[in-house]
Amino acid sequence: MAQDGVPADLDAAFRDGRHLDDGYLVRGARDGSTAAFGLLVARHQDQVLRLALRLLGDRAAAEDVAQEALVSAWRALPSFRGDAAFGTWLHRITTNAARQHAGRRRPTVPLTGEEPVPTHEQTEDRVLAAARTRALRAAVRDLPFDQRAALVLVQFEGLGYAEAARTLEVPEPTLRGRVARARRALAEQLRGWR
Amino acid sequence: MTGPAGDRDLAELDAALRELAAETAQPAPPAGLGRRVMERVDALAAHDRWAVLPGPGGATAVAVGVVAVLARRAVRAVPGAADAAVVVRPVDDGPAVLLEVALTAHPGVPLPDLARRVRAALVAAVAAQTGLTAARVDVHVQDIAV
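Each value, and the rule that gives it
Residues numbered from 1 in each chain as written. Chains lettered and ligands numbered in written order. Predicted model: local features only at pLDDT ≥ 70, side-chain atom pairs only at ≥ 80, totals over all residues. Heavy atoms only, no water. Helix = DSSP H or I, 4+ residues; strand = E, 2+ residues; numbered from the N terminus. Buried < 20%, exposed > 50% of the residue type's maximum accessible area, 1.4 Å probe, protein only. Contact = heavy atoms within 4.5 Å. Buried area = accessible area lost by both parts, 1.4 Å probe. Salt bridge = Lys/Arg side-chain N within 4 Å of Asp/Glu carboxyl O. Polar contact = N/O pair within 3.5 Å; in protein donor to acceptor, adjacent residues only side chain to side chain. Nonpolar A, V, L, I, M, F, W, Y, C, P; charged D, E, K, R; others polar. Pairing = 2+ DSSP bridges. Axes fitted to C-alpha atoms, helices over the stretch in contact; angles between N-to-C directions. Arc of directions from axis to C-beta. Right-handed = clockwise from strand over helix to strand, strands pointing away.

K.L.:
Help me understand the overall build of chain B, please; the structure alone is not making it clear to me.
P.N.:
Within chain B, the secondary structure is distributed over four helices and five strands. Going from N to C terminus, chain B has its helices and strands arranged as α-α-β-β-α-β-β-α-β. Among the 146 residues that make up chain B, the fraction classed as buried is 36%. Restricting to contacts in chain B with at least 6 residues of sequence separation, those with at least 24 account for 55%.

Shown next, in the form of structure tokens:
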């Protein structure tokens, strides 16, 4: 309910914490406030899930990894020094959780859960394009994890090389090398579909 | 089809990767993800800190939240005490713990005497039920029940 002179949307923003910046909530969470951490989770969970999905290519695995990453973030908060943005730090934790998951389980069958089902008439081009996308998705998944993570952060998440390097805690030239190797490997794969 | 990937291959790759990125840009909202995370975080927060009781066959760790719950019950059993909130801090992981009691008293009860009885009850209850030692019990009388 808006009070006299207080716009309704501002009032709502105060109630759900939208006006509070990450830094403020992080400080509260570090002091033990689970309510502050809950707001951070609500704010960042979509991005965490998206990154996990892009890194693993499997919805169920991505949800597990997203959950682990967010709980790990709570545990690791005392060591978060605030010298990186909270979002960058979460990206790092999510990538590490995904790396552990990828190391634990090696899928032996292709994972096809996220494929869109075509509903309209399919021209030969369309079929070919769909097959090519499927092959590319599989090729991305077959990359060594560190190459895949570098590629996903730069090319899917749109991070700059410097930020992606900070996220993965590697020197920028190393990061650039991984992206380049990943791209070469994928380009080789695509040539078969021309 | 031989040789290293050329510019044209990489340009095609970029287009294909953009498609793939768009496909995964907005995954369906994570149903219940936030709730599952916060359930685990709340459990961790409650049992964040432990008082450890070493023993010959192994250590027994008691979460400070557990000590606080039974301390609160012990306080409420003291005549003249209406209610209390208790904060427990282990000293170097235990077995000694420090207790801070925010006490609500019934009216008409002499407060220094009440504080003394609350302190004694807490020392006894913590020792009997957990084996830990209440090394210090600070009592703050912060309200009177009306």
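K.L.:
Teacher, can you tell me more about the side chain of T88(A) here?
P.N.:
Along the chain, the position of T88(A) falls in helix α5 (residues 86–104). Discounting chain neighbours no more than four positions away, the residues touching T88(A) are E163(A) and T167(A).

K.L.:
Would you mind showing me how to read the interface of chain B and chain A here?
P.N.:
By a frequent convention, interface size equals the accessible area lost on bringing the separate parts together. With 33 residues of chain B in contact, the opposing surface of chain A contributes 36 residues. Interface area, chain B with chain A, both sides summed: about 3400 Å², of which 60% is carbon and sulfur. Three residues, L17(B), L20(B) and R40(B), lead the burial of chain B against chain A; their summed loss comes to 16% of the area buried on that side. Seen at the junction of chain B and chain A, the total is five salt bridges. The closest approach of N and O atoms between R183(A) and D14(B), which form a salt bridge, is 2.6 Å. Joining chain B to chain A, the criterion identifies 11 residue pairs in polar contact (both at pLDDT 80 or more). Mapped onto the side of chain B that touches chain A, the elements with two or more residues apiece are α1 (7–23) and α2 (33–46) of chain B. Looking at the side of chain B that touches chain A element by element, the count peaks at 12 residues for α1(B). Across the side of chain B that touches chain A, the residue classes tally to 20 nonpolar, four polar and nine charged.

K.L.:
What is the right way to read the sheet that holds strand β4 (residues 96–105) of chain B from this model?
P.N.:
Residue and element names in this part refer to chain B. Taken in spatial order, the three strands of this open sheet run β3-β4-β5, and their pairing is mixed. Both outer strands of the open sheet, β3 (81–90) and β5 (133–144), are each paired with one neighbouring strand and no more. Across this sheet, the average inter-strand angle for adjacent strands is 20°, counted without regard to direction. In the sheet, β3 pairs with β4 via nine bridges, with the strands oriented antiparallel.

K.L.:
What exactly am I supposed to notice about helix α2 (residues 22–30) of chain A here?
P.N.:
What sets the pattern is the α-helix's 3.6 residues per turn: residues three or four places apart point alike. All names here are of chain A. When we look at burial in α2, the residues that qualify are D22, L25, V26 and A29. Buried residues in α2, looked at end-on, bunch into an arc of 105°, giving them a common side. Between the side-chain oxygen of the N-cap and the backbone nitrogen of G23 there are 3.2 Å, and the N-cap of α2 in question is D21. Phi turns positive, to about 105°, at G32, one or two residues after α2.

K.L.:
Sorry if this is basic, but what is going on with unusual backbone geometry here?
P.N.:
All names here are of chain A. Although it is not a glycine, E169 adopts a positive phi angle of roughly 55°. On the secondary structure map, E169 appears in the loop between α8 (161–168) and α9 (172–191). Classification of E169 by relative accessible area gives exposed; the value is 57%.

K.L.:
What should I look at first to understand the pairing of β4(B) in this one?
P.N.:
Remark: a regular strand shows side chains that alternate across the two faces of the sheet. Residue and element names in this part refer to chain B. Among the 10 residues of β4, seven are classified as buried, and the element is accordingly described as predominantly covered. Linkage of β3 to β4, two consecutive antiparallel strands, is achieved through a turn of five residues, within which D92 is found at a positive phi near 45°. Here 10 bridges tie β4 to β5, and the two strands are oriented parallel to one another. Following the sheet pairing, A105 is matched in β5 by I144. Considered for its hand, the β-α-β crossover made up of β4, helix α4 (residues 111–130) and β5 is right-handed.

Remember, this is a structural readout, not a statement about activity or role.
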